Amino acid sequence: MNTPRSNDTPTLKQSMAIAAAGAAIAAAFLFAPADLHAQEPPSEGDDWTVVVGAGAIYAPDYEGSKDYEVLPFPYVSVGYKDIAYLRGPEVGVNIIRIKPAEDMKISVGPVVRYRRDRSEKRNDALIGLGKVDMAIEVGGAARLDVGPAWLELSLVKDVAGGHDGLVGTATGGVDFDLSDKLSLSLSGTTSWADDKYMRTYFGVTPAQATRSGLPAFRAGKGVKDAGANIGLHYRLTDHWMIAATGGYTRLLGDAKDAPLVRLRGSPDQWQGGVFVAYRF
């Protein structure tokens, strides 16, 4: 017997589209697609949803790297109704929830995200550039669902001293049911970053140029990437599920032209992952 689904909360199948898009910024977070952890709807009569599991992600060493690694990571999703959620490195609250039509939903609220630090020890290409501390990004997100299609916009600012900048992201996609158990999600994403973010991750100061051997470069604000992603979700039982994501992101503007990317990395960023999870 299949678990009843709520029209007010994204199914795991729907969240796979966001998951694939989240893979585009996997290296910047925990090498895991941030939104892969979006929750399934609660069972009928339940307010809470908890999904746990594990998987492996294949992603660049850092944003703009040409070197890749495969890392294990925990799969955790916690949701309370359609109000609050924890999905990987993101915590959010939907303060505004509107349903203008039966198949349409608008959600708006604050979000907090964690962005992994970047150490010189991670890759020889980073030697001389110094360490970038972890970032805690605080801001807001708005999501529109219309039938199987969705669009999500977010704007966040680092408050922990990692990059001190602003990052805006736009992600949209559509979900398809291929069978009763198998679902496919396609999505696209793009992001914009301000001067502080770009200088932190893509700029090279004169002092860094001396230490690293890279030419000095002052990165400016602008659209920094665009990508396309795919997600597959297969429901093994009422509780067990398996999912896979894959995607490609192209760095743009000053991110693409940065010496760290142009001389030691690549503007072409690939990512993918396989995950198994259990819903309580």
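Cut-offs used in this document
Residues numbered from 1 in each chain as written. Predicted model: local features only at pLDDT ≥ 70, side-chain atom pairs only at ≥ 80, totals over all residues. Heavy atoms only, no water. Core = buried A, V, L, I, M, F, W, Y, C linked by side-chain atoms within 4.5 Å. Buried < 20%, exposed > 50% of the residue type's maximum accessible area, 1.4 Å probe, protein only. Helix = DSSP H or I, 4+ residues; strand = E, 2+ residues; numbered from the N terminus. Contact = heavy atoms within 4.5 Å. Pairing = 2+ DSSP bridges. pLDDT = per-residue confidence, 0-100. Arc of directions from axis to C-beta. Polar contact = N/O pair within 3.5 Å; in protein donor to acceptor, adjacent residues only side chain to side chain.

**With respect to the nonpolar core**
Soluble, globular proteins show a tendency: their nonpolar side chains are buried together.
And step 1. If you look at the biggest cluster of nonpolar residues, it comprises 16 residues, and the most contacted ones within it are Tyr197, Met198 and Phe202.
And step 2. In terms of residue count, helix α2 (residues 195–202) provides more of this core than any other element does, four residues in total.
And step 3. With near-sequence residues (within four places) excluded, Met198 lies in contact with Ala193, Gly203, Ala219, Gly220, Lys221, Lys224, Asp254 and Ala255.
And step 4. Val51, Ile57, Tyr75 and Phe275 belong to the second-largest nonpolar core, a separate cluster that totals nine residues.

**Observations regarding the pairing of strand β11 (residues 222–235)**
And step 1. Sheet topology places strand β10 (residues 182–193) next to β11; 12 bridges connect them, and they run antiparallel. Residue pairing for β11: Trp192 is matched across the bridge by Val223.
And step 2. Summarising the sheet, β11 and strand β12 (residues 240–251) pair through 11 bridges and their orientation is antiparallel. Paired with Ala226 across the bridge in β12 is Arg250.
And step 3. Between β11 and β12, which pair antiparallel and follow one another directly, the connecting turn spans four residues.

**So, the confidence of the model for the chain**
And step 1. Overall, the prediction assigns the chain a mean pLDDT of 86, with 84% of residues at 70 or greater.
And step 2. In this model residues 1–42 is a low-confidence stretch, pLDDT under 50, and it forms 156 contacts with partners more than four residues away in sequence or in other chains.

**Quick notes on α2**
And step 1. Of all the positions in α2, only Tyr197, Met198, Thr200, Tyr201 and Phe202 are classed as buried. The buried residues of α2 all sit within an arc of 165° when viewed along its axis, so they share a single face.
And step 2. Here α2 starts with a cap whose side-chain oxygen sits 3.3 Å from the backbone nitrogen of Lys196, and that cap is Asp194.

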